[in-house]
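Remarks on the overall topology
Read off the chains here:
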Amino acid sequence: MPKDAVPLLHVEHMSMRFGGLVAVDDLSFIASEGEITALIGPNGAGKTTVFNCITGFYKPTSGRMALVGGGAGADEVAAVTQSGRRYVRETNGKSVFLLERMPDFQIAAEAKVARTFQNIRLFAGMTVLENLIVAQHNALMAASGFTIYGLFGVRSYRSAEARAVQLAKYWLDKAGLMNRADDPAGDLPYGAQRRLEIVRAMCTGPRLLCLDEPAAGLNPRESADLNALLRLISREHSTSILLIEHDMSVVMEISDHVIVLEYGIKISDGSPEDVRKDPRVIAAYLGVEDEEIEVAEQVVAELIR
Amino acid sequence: MTSIDHLVTTGRGQTKFVEGKLGTAVREGVKFAALMFCLSIPILLLRIDSDIDHKPFLQLRWTWPLLAAAIGFLVRFGGLALASTGTKISSKINWHIPPSLSRYFATAGLVFLVLYPLLMLALVGRAGSIKWIDNFGIQVMIYVMLGWGLNIVVGLAGLLDLGYVAFYAVGAYSYALLSTVVIPLYVPWLSPWAFWVCLPMAGLLAGVWGILLGLPVLRLRGDYLAIVTLAFGEIIRLVLINWTDVTKGYAGISGIPRPSFFGLPFTAADNGFAARFGLEFTPLHRTIFLFYVILALALLTNWVSMRLRRLPVGRAWEALREDEIACRSLGINTTNTKLTAFAIGASFAGMAGSFFAARQNFISPESFTFNESAVILAAVVLGGMGSQLGVAIAAFAMVGGTEILRELDWLKAIFGNNFDPTQYRMLIFGFGMVALMIWKPRGLIGTREPSLFIAEKKSISGDLVKEGHG
């Protein structure tokens, strides 16, 4: 992580247990503003669990996840934690969101954390455009005066809807889906569905975008399109990205910071180059020779302790 | 089974009629006939009647199971023979009604409804038309309105509600109690306007009950939601039966005031509607007026739900039906979204209920059984969930169809004097539903119209649209 990076998300000592199974054990990391942070690890390492905790679909067993903005530091986070509130947004722009206290929809609406899913979750029976308009629900709901203005077609609502369509068009263009705008989302090919899910999440105007295996099942060309889209999101929209990915070409090419999980434990954390050279990461991914098992077990024992 | 598979494959691929296939078809037909015969023995063969001394005796009607077997043979043999000649009986009809045609049809239907009372007056005269406007027209329109109201909950939001009649009952009893007890006691000067004041109140009260039901069932999905809403409908009915101090139980509430013509009562008196407009008094005025009131209420329901579909709240309902988890990930408060669907759907049922009470003049818990919920839900499902026109057509067919069966007296000339076509109502609906589920599993109009578009409005095939999981 470069020195000048501004932290956005602090995950501190997060654990998640399902009965006797410890899916994530005492995980701490920082995702910085404007960066692409990748979360990698073998199958079953607990990556998606981390995502579900950050986006509120699971409540972590213990730990703190603070999303900060406007230069809020450790003091502000501590103050909000003490106060028992879910989040604080001060007039001077400083904001602290304690994600573990917030319900899922509030994390998306207030803390501005958007996500995609490993198994794509589009509104298949609605058109591509409708998918992007639904994503702007909260802004439009307020503009429609909670339905009352909208029912009578007040001009302020109509212009808000026109703006929403403009934003949708912008993202359709970026995702290369402009000519499919009026088709049902369920009719799109797989790669296009992946891109649509990402731009749908972008229509919520997120500060942090969590992508769960966006390149899974894509062919090399679609994969390259995806990389370009992610870079655009990261550079031009000051949206930070948290990424789960198996495709190492994607990870090494676009991410600024990589965190490696194995069996719910963080085994490496650093720049892509550092992580690539880390022996524990190599061992985790490629397995180890028979004679090295003892050494590996020692390393694991150290980590657990 | 191999012979059938063989037949099916040839039916798809070839058009030649092969001699050997006919033999298979006959064999299959005979098997099917034997099955039908065995199945029909307990149902059709045995009949217990009582003689003059009221002693039961057993009657054997051999012709009935034989007839069933013959029908079974013909259906099976005919189907297979047809398949082997290559005539394709499509398993699913993918006819598609273009939006322009359905709009045209809707406009024609609307014009017909507006002219309907006058048309009936012209066709069957004053005496005959009361029946056609009241028993037929008004009755059907009440169900169309209820169908459209339930369509919000089931068709748009995808929440299976089996207790919708509860809100209908809440509306009916709200109006009945307010107009017979509260208004005469506290605000007697309001009584000429009772209906018009109570109509929105009934809607509001039913909406509150919609939220009360919605709150505990928010976490339930699918079958669980269906069972709880079913129970809720029964609870309301049982409360109406047993809370005799207020509802008078089975005896019901009578003497509910009829709606006035915006303050003018439909009476022969000098201040009545007829006298004021210089018309000759006839009860028909009120019937026609009631028809237009329910037509207006139904159209209001339609307008509001069409409008809501194009607003964020309506899109959120449909998104909820498609994928609830994705909704939450986009910051949509699914709790509120579900509650608004329940509340708005319920308030339309409440208004329909208050109209029902005003039109009947008398209500009792008998009118709010599960059967009503089932009929309304059937109209929504058969019509095509989410399609306004489809639901209206299905409600017409289901409720109007029953009434028309009553009129088919000429069938007695064929089947004898004991034949009562209304007794076959459920059988006919059963066949109709099975046929629809085979050929149009997504309902009459199973396609979905997008709520907004950039270049071209394309209908979405029902196969992509989800039914919702509660």
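Worth saying up front: this structure is predicted, and the values here are computed from it rather than measured. (Residues numbered from 1 in each chain as written. Chains lettered and ligands numbered in written order. Predicted model: local features only at pLDDT ≥ 70, side-chain atom pairs only at ≥ 80, totals over all residues. Heavy atoms only, no water.)

**A word on the sheet that holds strand β3 (residues 36-40) of chain A**
Residues and elements named next belong to chain A. Strand order across the open sheet formed by 6 strands is β7-β8-β9-β3-β10-β11, with mixed pairing between neighbours. Edge strands, defined here as strands with exactly one partner in the open sheet, are β7 (113-115) and β11 (265-270). Averaged over neighbouring strand pairs, the angle between their axes works out to 15° when direction is ignored. Both strand β10 (residues 257-262) and β11 contribute to a ladder of 5 bridges, which runs antiparallel. Across the sheet, Glu262 pairs through a bridge with Ile265, a residue of β11. Along the sheet, helix α8 (residues 190-202) contacts β7 and β8 (208-212); its crossing angle with β8, the most-contacted strand, is approximately 160°. (Pairing = 2+ DSSP bridges. Helix = DSSP H or I, 4+ residues; strand = E, 2+ residues; numbered from the N terminus. Axes fitted to C-alpha atoms, helices over the stretch in contact; angles between N-to-C directions. Contact = heavy atoms within 4.5 Å.)

**As for the confidence of the model for chain A**
In this model, chain A carries an average pLDDT of 85, and 95% of its residues clear a pLDDT of 70 or more. Mean pLDDT per element in chain A: helix α13 (residues 293-304) of chain A is the minimum at 70, and helix α4 (residues 128-134) of chain A is the maximum at 93. (pLDDT = per-residue confidence, 0-100.)

**Some thoughts on a nonpolar patch on the surface**
A contiguous nonpolar patch, built from A:Ile148, A:Tyr149, A:Phe152, A:Val154, B:Leu300 and B:Trp303 and spanning about 610 Å² of accessible area, is present on the exposed surface. Of all the secondary-structure elements, those providing two or more residues to the nonpolar patch are α6 (148-151) of chain A together with α10 (284-309) of chain B. Relative to the elements of secondary structure, A:Tyr149 occurs in helix α6. (Patch = residues over 30% accessible without salt bridge, like charges linked within 9 Å, V, L, I, M, F, W, Y side chains within 5 Å. Areas by Shrake-Rupley, 256 points an atom, 1.4 Å probe, with all protein chains shown as cover. Salt bridge = Lys/Arg side-chain N within 4 Å of Asp/Glu carboxyl O.)

**Focus on the domain arrangement of chain B**
Per the domain assignment, the segments of chain B are domain 1 (2-84) and domain 2 (99-407). The gap between the C-alpha centroids of domain 1 of chain B and domain 2 of chain B is 44 Å. (Domains from an automatic or database assignment.)

**Regarding a positive patch on the surface**
Together, A:Arg155, A:Arg158, B:Arg103, B:Arg307, B:Arg310 and B:Lys457 make up a positively charged patch on the protein surface. With respect to the helices and strands, A:Arg158 occurs in helix α7 (residues 155-175). (Lys, Arg positive; Asp, Glu negative; His and termini not counted. Charge placed at Lys NZ, Arg CZ, Asp CG, Glu CD.)

**Examining the environment of B:Gly147**
Residue and element names in this part refer to chain B. If you trace the backbone, Gly147 turns up in helix α4 (residues 99-156). Taking the C-alpha atoms as reference, Gly147 lies 8.8 Å from Ala378; in sequence the two are 231 residues apart. If sequence neighbours within four positions are ignored, Gly147 has contacts with Ile376, Val380 and Val391.

**What about the pattern of salt bridges?**
Side-chain pairing between opposite charges can occur once the charged atoms of the two side chains come close. One pass over the full model with this rule turns up 23 salt bridges over all chains. Among the ionic pairs, A:Glu76 bridges to A:Lys94, the shortest N-O distance being 2.9 Å. Residue A:Glu76 is located in helix α2 (residues 74-83), and its partner A:Lys94 is located in the loop between β5 (87-89) and β6 (95-98); the two are separated by 18 residues in the primary sequence. Among the residues examined, A:Glu76 registers a relative accessible area of 19% and is labelled buried. Through salt bridges with shared partners, one network takes in A:Glu130, B:Arg309, B:Glu318, B:Arg321, B:Glu322 and B:Arg448. (Buried < 20%, exposed > 50% of the residue type's maximum accessible area, 1.4 Å probe, protein only.)

**A closer look at the sheet that holds strand β4 (residues 62-69) of chain A**
Residue and element names in this part refer to chain A. Strand order in the open sheet made by the 5 strands is β2-β1-β4-β6-β5, with antiparallel pairing throughout. Taken across any chain shown, the strands that pair with only one partner, and hence form the sheet edges, are β2 (21-32) and β5. Averaged over all adjacent pairs, the angle separating strand axes in this sheet is 15°, with direction ignored. Relative to β6, β5 runs antiparallel, the two sharing 3 bridges. Pairing of Tyr87 across the sheet is with Phe97, part of β6. Running at roughly 115° to strand β1 (residues 7-18), helix α1 (residues 47-54) makes contact with β1, β2 and β4 of the sheet. Where α2 meets the sheet, it contacts β4, β5 and β6, and its direction lies at approximately 50° from that of β6.

**Concerning the layout of surface pockets**
Residues and elements named next belong to chain B. The volume enclosed by the largest pocket comes to roughly 1100 Å³. In this structure, the largest pocket is lined by 41 residues; those nearest its centre are Ser102, Ala106, Met306, Gln388 and Leu389. No other element matches α4, which puts 15 residues into the lining of the largest pocket. Classifying every residue of the lining of the largest pocket by side-chain character gives 21 nonpolar, 10 polar and 10 charged. (1 Å grid on protein atoms, 1.4 Å probe; cavity = no way out; pocket = protein on both sides within 12 Å on 5 of 7 lines; lining within 4 Å. Points joined across faces, edges and corners; volume = space filled by probe spheres on them. Nonpolar A, V, L, I, M, F, W, Y, C, P; charged D, E, K, R; others polar.)

**A word on the side chain of A:Glu197**
All names here are of chain A. With respect to the helices and strands, Glu197 occurs in helix α8. In this structure, Glu197 is buried with no salt-bridge partner, the nearest side chain bearing the opposite charge being Arg200 at 4.2 Å. Within polar-contact distance, the side chain of Glu197 engages the backbone nitrogen of Phe117 at 3.1 Å. (Polar contact = N/O pair within 3.5 Å; in protein donor to acceptor, adjacent residues only side chain to side chain.)

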